[in-house]
Amino acid sequence: MKKIAIIMGSDSDLPIVTKATDMLKSLDIPFEVHVYSAHRTPVEARDFALSARENGFGAIIAAAGMAAHLAGAIAANTTLPVVGIPCKSSNLDGMDALLSTVQMPTGIPVATVAINGGANAALLCAQILAVEDKELAAKLDAKRASDAAKVLEKDAAISAQF
Ligand code: RP5
């Protein structure tokens, strides 16, 4: 199976990244985690993206806050799918990171999840790998069924109160 790379702009983004690592672990998907910044370590971020495909990665998650150019900078240097997580880390409630991550120019796409959406970033990468992996696709189907069953249990509990 291909690996997933998770890059964060700062170690202060780790609580959000942990939501992604927890999800990948639950699906038995191999991953690596690194701190590379589009602004503070641009050479390392570029070099990682340039060599990611030959290093066995199938998709890259990039998490950053504030003027969040990391996902776009990674996407500029690879044609692997890049999933951006805008992190809420400033006085603007994450809107700064959301717009910096999602508003990519034509030709260099970044699939942007919700502000602080670490779990969905991991699930989207899992779904990308599952296109060519029936075992992983079955795990994702099972997770959907289990999630739905939990909601139906809540429905039964709530409806019984009224
Ligand atoms: C961004 O600036 C990082 O991704 C982080 O979300 C934010 C703040 O970084 P630190 O000052 O905490 O290192 O580049």
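Thresholds, definitions, all that
Residues numbered from 1 in each chain as written. Predicted model: local features only at pLDDT ≥ 70, side-chain atom pairs only at ≥ 80, totals over all residues. Heavy atoms only, no water. Near = heavy atom within 4 Å. Polar contact = N/O pair within 3.5 Å; in protein donor to acceptor, adjacent residues only side chain to side chain. Areas by Shrake-Rupley, 256 points an atom, 1.4 Å probe, with all protein chains shown as cover. 1 Å grid on protein atoms, 1.4 Å probe; cavity = no way out; pocket = protein on both sides within 12 Å on 5 of 7 lines; lining within 4 Å. Sits in = over half its atoms within 2 Å of the grid points. Nonpolar A, V, L, I, M, F, W, Y, C, P; charged D, E, K, R; others polar. Helix = DSSP H or I, 4+ residues; strand = E, 2+ residues; numbered from the N terminus. Expected span 1.5 Å × (residues − 1).

Q: I'd like a description of the site of the ligand, backed by residues and values.
A: Every residue lining the ligand is accounted for by G9, S10, S12, D13, R40, A64, G65, M66 and S89. Take R40: an N or O atom from its side chain is 2.7 Å from an oxygen atom of the ligand. Side-chain polar atom of S89 to an oxygen atom of the ligand: 3.4 Å apart, as the coordinates give it. Taken by itself the ligand offers 360 Å² of open surface, and the protein chains cover 74% of this. More than half of the atoms of the ligand fall within 2 Å of the grid points belonging to the largest pocket. The residue makeup of the shell around the ligand, split by class, is two nonpolar, five polar and two charged.

Q: Please give an account of helix α6 (residues 134-159) that cites residues and values.
A: With 26 residues, α6 should reach 38 Å at 1.5 Å per residue; the first-to-last C-alpha distance of 37 Å fits that figure. By the N-cap criterion, in which a side-chain oxygen at the helix start approaches the backbone nitrogen of a residue two or three places on, α6 is capped by D133, the distance to E135 being 3.1 Å.

Q: Run through the environment of K154, naming residues and quoting values.
A: One can find K154 in helix α6. C-alpha separation for the pair K154 and V17, spaced 137 residues apart in sequence, amounts to 28 Å.

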